[in-house]
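In case you want the letters, here they are:
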Amino acid sequence: MRSARAADGRFAWATSDPVRALKPLVFLLCLAPALLLVHDVLYDPEALGANPAETIEHVTGDRSMQFLLGTLAITPLRRITGWGKLIRFRRMLGLFAFFYGVLHLAAYIAFDHYFDVPAILADIVKRPFVTVGFAALVLMTPLAVTSTAGWIRRLGAQNWSRLHKAVYAIAVLGVLHYWWLVKRDLTWPMIYGAILAVLLGWRVWNETLGRQRRRPARVRARAEPGPAE
Amino acid sequence: MKLPAARNAAFSTTDAPTAKKIITGYNNFYEFGMGKSDPAASASKMSVRPWTIEIGGAVEKPRTIGIEEVMRLPLEERVYRFRCVEAWSMVAPWIGVEFNKLAALVGPTSKAKYVRFTSVVQPSVMSGVRAEVIDFPYVEGLRIDEAMHPLTILAVGLYGETLPNQNGAPVRVIVPWKYGFKSAKSIVRIDFVEDQPRSTWMKLQPSEYGFYSNVNPAVDHPRWSQARERRLPDFFASTPTLPFNGYADQVASLYAGMDLKKFF
C-alpha cells in the first residue's frame, strides 16, 4: 500500500495535484442535474411541471448535448489557456454525456412508448430524428466502454484515438436530432449547432492554417532554447 | 370571476378532470411564446374587455356581437377530453354554449360550407406575435356540419369561472374530437365561407397538419405515433388514444365514406 503521506510530510491530495483534488467536486457538479431529477420525481413531482416525463426528457437530452460539447471544448481550451491538465477532465465529461444520453433513451422507452418494443423499433426506422438520436447513442457506447486506460493499452493509442474521432459524428447527429425534433422554435438547436460549428471549425483551422503558421514559431523555439532546457 | 353553469352530463365524460393548475399552466398559445409555461406567465396582460366578435360572410344578418351577449346564451358545463397533436391529453370542465346557438343569431345561408375562426392579435402584449414565430393572426376552420354539431362549443369558462387568458379568454372554440390546435383561442372574427379555409398550421406544415385533424390513433404524425397519449400529469404515455378522441359514436357519421388517411 502506498502511503498517503508524501515525502515532504504533507498529504498527497493536498500537494501538487489540483486536478485530483478538483475531480470529486466536478463529478458531483456533473451528477447534480440527475440527482435533482431523482429528488423531484420522489419528493416534489410538481417541480417537474405539468408534463414531468417531457421535462425529464428535455433535461437529460440537453445535458447529454452540453456534456458532449464540453468534451469537445477541452482540446481548444487547453490550447488557448495553456492549462494542459484540463485533459484529465475529458473522460469524465464524455462519460457524463453518455450517462445522460442513456437516461434520455430510457425515458423515451419507458415514458413515451411504455416499453412497447415493436413500436420503438418502428419509430427508430420511420422517424429520422429518432434514427439519428439513436445512432448517436449507439456510437457513443463503444467510446464509453473503451474509455479506460486498459482499453487504450489494448487498442494502442493510435487505434484508440482513431476510434474516438467518432465523437465528431456523434455531436453532429445530436444536433440534427434536436433540430429535426422541434416543432417551431429552433433557438436551442441553433445555439448548439453554432457552438459545435465553432468547436469543429477551430479544429479544421488548427489542422490547416494554424499548423502552417505555427511551424516557423517551433523552429524559432528550437533555435533559441529557453532557460528550462 | 365565478361563472356558475350546470353540467350537461349527457355530453360530459366521466373521466376525472385534470387539475386546474395543469390545465392553466401548460398551454400552447404561440402568440405568447412557444414554451408551455409562457402563456401562463404573460397572457394576463392581454386585454379581454371590451371584446367583440365580428360575424360575417355567408349569413343573413352579419353583425358584431359583444362578449356580454355571448355570456347570456344558455351556458352549460361540458367535461371534455382534450387531446393535443403532441400526444398529451387532459380532461377539462369547460363552460360554454353550443356553437350552433350563436350561428342561429346570424342565420348562415346555403353558401356557408365552412366556418373560419380568427384569433386576436395584440402585438404590444404578445411577444410571440412580435417575434413573428408564425404568421398571425391564428386562423382555424371547420366544415359547417362539424361546427354545427352539438359537441362543438364556444367556451367562455373553465372550472366554474370565466376562462383564464392563457386558455383563450374570453371566448374560444372547443372541438373535442379533433386535435387541440383546431380549437382556436381568443376569437375576434367568425366567417361563414364557401371554400375550405387554410388554417395557420396547414400553411406552416401541410404534410403534418391537415384540415380535418380528427384524433386518430391509426394515422401517425410524421414525427411521432398517435396510438397512445400521456394523460397529464402521468409519466407514462399509457393511455390508448381512441378514434375521434372517444367521440366516434357522435361524430363518425360526419365522415362516412371518407378516407381518413387522406383527409387527415
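Predicted, not measured: the structure shown is a model, and the values here were computed from it. (Residues numbered from 1 in each chain as written. Chains lettered and ligands numbered in written order. Predicted model: local features only at pLDDT ≥ 70, side-chain atom pairs only at ≥ 80, totals over all residues. Heavy atoms only, no water.)

## Comments concerning the overall build of chain A
Moving on, step 1. A count of helical and extended segments in chain A gives nine helices and zero strands.
Moving on, step 2. Across chain A, helices and strands are ordered from the amino to the carboxyl terminus as α-α-α-α-α-α-α-α-α.
Moving on, step 3. The proportion of buried residues among the 229 residues of chain A is 35%.
Moving on, step 4. Long-range pairs, those at least 24 residues apart, make up 64% of the contacts in chain A between residues at least 6 apart in sequence. (Helix = DSSP H or I, 4+ residues; strand = E, 2+ residues; numbered from the N terminus. Buried < 20%, exposed > 50% of the residue type's maximum accessible area, 1.4 Å probe, protein only. Contact = heavy atoms within 4.5 Å.)

## Re unusual backbone geometry
Moving on, step 1. Residue Pro-50 of chain B follows Arg-49 of chain B across a cis peptide bond; omega there is -5°.
Moving on, step 2. Turning to its location among the elements, Pro-50 of chain B is positioned in the loop between α2 (38-42) and β1 (52-57).
Moving on, step 3. Look at the link from Leu-232 of chain B to Pro-233 of chain B: it is a cis peptide, with omega at 5°.
Moving on, step 4. Among the secondary structure elements, Pro-233 of chain B is positioned in the loop between β11 (228-231) and β12 (239-240).
Moving on, step 5. Even without being a glycine, Tyr-114 of chain A presents a positive backbone phi close to 55°.
Moving on, step 6. Assignment of secondary structure puts Tyr-114 of chain A in the loop between α3 (90-112) and α4 (117-126).
Moving on, step 7. With a phi angle near 65°, Phe-115 of chain A is a residue other than glycine that sits in the positive phi range.
Moving on, step 8. Examined against the element boundaries, Phe-115 of chain A turns out to sit in the loop between α3 and α4.

## What about a nonpolar patch on the surface?
All names here are of chain A.
Moving on, step 1. The grouping of Leu-22, Leu-25, Leu-29 and Trp-83 at the surface amounts to a nonpolar patch, some 390 Å² of accessible area in total.
Moving on, step 2. Tracing the sequence through the fold places Leu-29 in helix α1 (residues 18-43).
Moving on, step 3. Using a relative accessible area of 60% as the deciding quantity, one classes Leu-29 as exposed. (Patch = residues over 30% accessible without salt bridge, like charges linked within 9 Å, V, L, I, M, F, W, Y side chains within 5 Å. Areas by Shrake-Rupley, 256 points an atom, 1.4 Å probe, with all protein chains shown as cover. Salt bridge = Lys/Arg side-chain N within 4 Å of Asp/Glu carboxyl O.)

## Comments concerning the UniProt feature "domain: Ferric oxidoreductase" (unreviewed entry) in chain A
Moving on, step 1. Within the UniProt annotation, "domain: Ferric oxidoreductase" (unreviewed entry) is assigned to residues 65-175 of chain A.
Moving on, step 2. Strand forms 0% of residues 65-175 of chain A and helix 83%; the C-alpha atoms that close the span are 8 Å apart. (UniProt positions renumbered as here; feature names shortened; annotations may be inferred.)

## Let's talk about the sheet that holds strand β10 (residues 187-193) of chain B
Residues and elements named next belong to chain B.
Moving on, step 1. One open sheet holds the five strands; their spatial order is β2-β1-β10-β5-β6, and the pairing between them is mixed. Sheet topology places β2 (63-66) and β6 (139-143) at the edges, where each strand pairs with a single neighbour. Taken over all neighbouring pairs, the strand axes of this sheet differ in orientation by 20° on average, direction set aside.
Moving on, step 2. Across the face of the sheet, helix α4 (residues 99-106) comes into contact with β1, β2, β5 (114-119) and β10 while running at roughly 70° to β10. (Pairing = 2+ DSSP bridges. Axes fitted to C-alpha atoms, helices over the stretch in contact; angles between N-to-C directions.)

## A short note on the confidence of the model for chain A
Moving on, step 1. Chain-level statistics for chain A give a pLDDT mean of 88 and a share of 85% at 70 or above.
Moving on, step 2. A low-confidence stretch, residues 1-9 of chain A stays under pLDDT 50, and its non-local contacts, those more than four residues away or across chains, total six contacts. (pLDDT = per-residue confidence, 0-100.)

## Remarks on the packing of α1 of chain A against α3 of chain A
Residue and element names in this part refer to chain A.
Moving on, step 1. Axis separation between α1 and α3 bottoms out at 11 Å; the angle between their running directions is 15°. When the axes of α1 and α3 are compared, the pair comes out roughly parallel. When you trace α1 past α3, the crossing you get is right-handed. Contacts from Lys-23, Val-26, Phe-27, Cys-30, Leu-31, Ala-32, Pro-33 and Ala-34 of α1 reach α3 at Met-92, Leu-93, Phe-96, Phe-99, Tyr-100 and Leu-103. (Parallel < 35°, antiparallel > 145°, perpendicular 65-115°, else oblique. Left-handed = near helix turned anticlockwise from the far one by under 90°.)

## Some points on the interface of chain A and chain B
Moving on, step 1. Contacts between chain A and chain B engage 26 residues on the former and 30 residues on the latter.
Moving on, step 2. Counting each side, the surface lost to burial between chain A and chain B is near 2200 Å², with a carbon and sulfur contribution of 55%.
Moving on, step 3. The largest share of the area that chain A buries against chain B comes from Ala-50, Lys-183 and Arg-184 of chain A, three residues that together contribute 34% of it.
Moving on, step 4. Where chain A meets chain B, there are five salt bridges.
Moving on, step 5. The salt bridge involving Asp-112 of chain A is made with Arg-230 of chain B; its shortest N-O contact spans 2.7 Å.
Moving on, step 6. Applying the counting rule to chain A against chain B returns 15 residue pairs in polar contact (both at pLDDT 80 or more).
Moving on, step 7. Elements with a contribution of two residues or more to the side of chain A that touches chain B: α2 (52-81), α3 and α8 (166-181) of chain A. (Buried area = accessible area lost by both parts, 1.4 Å probe. Polar contact = N/O pair within 3.5 Å; in protein donor to acceptor, adjacent residues only side chain to side chain.)

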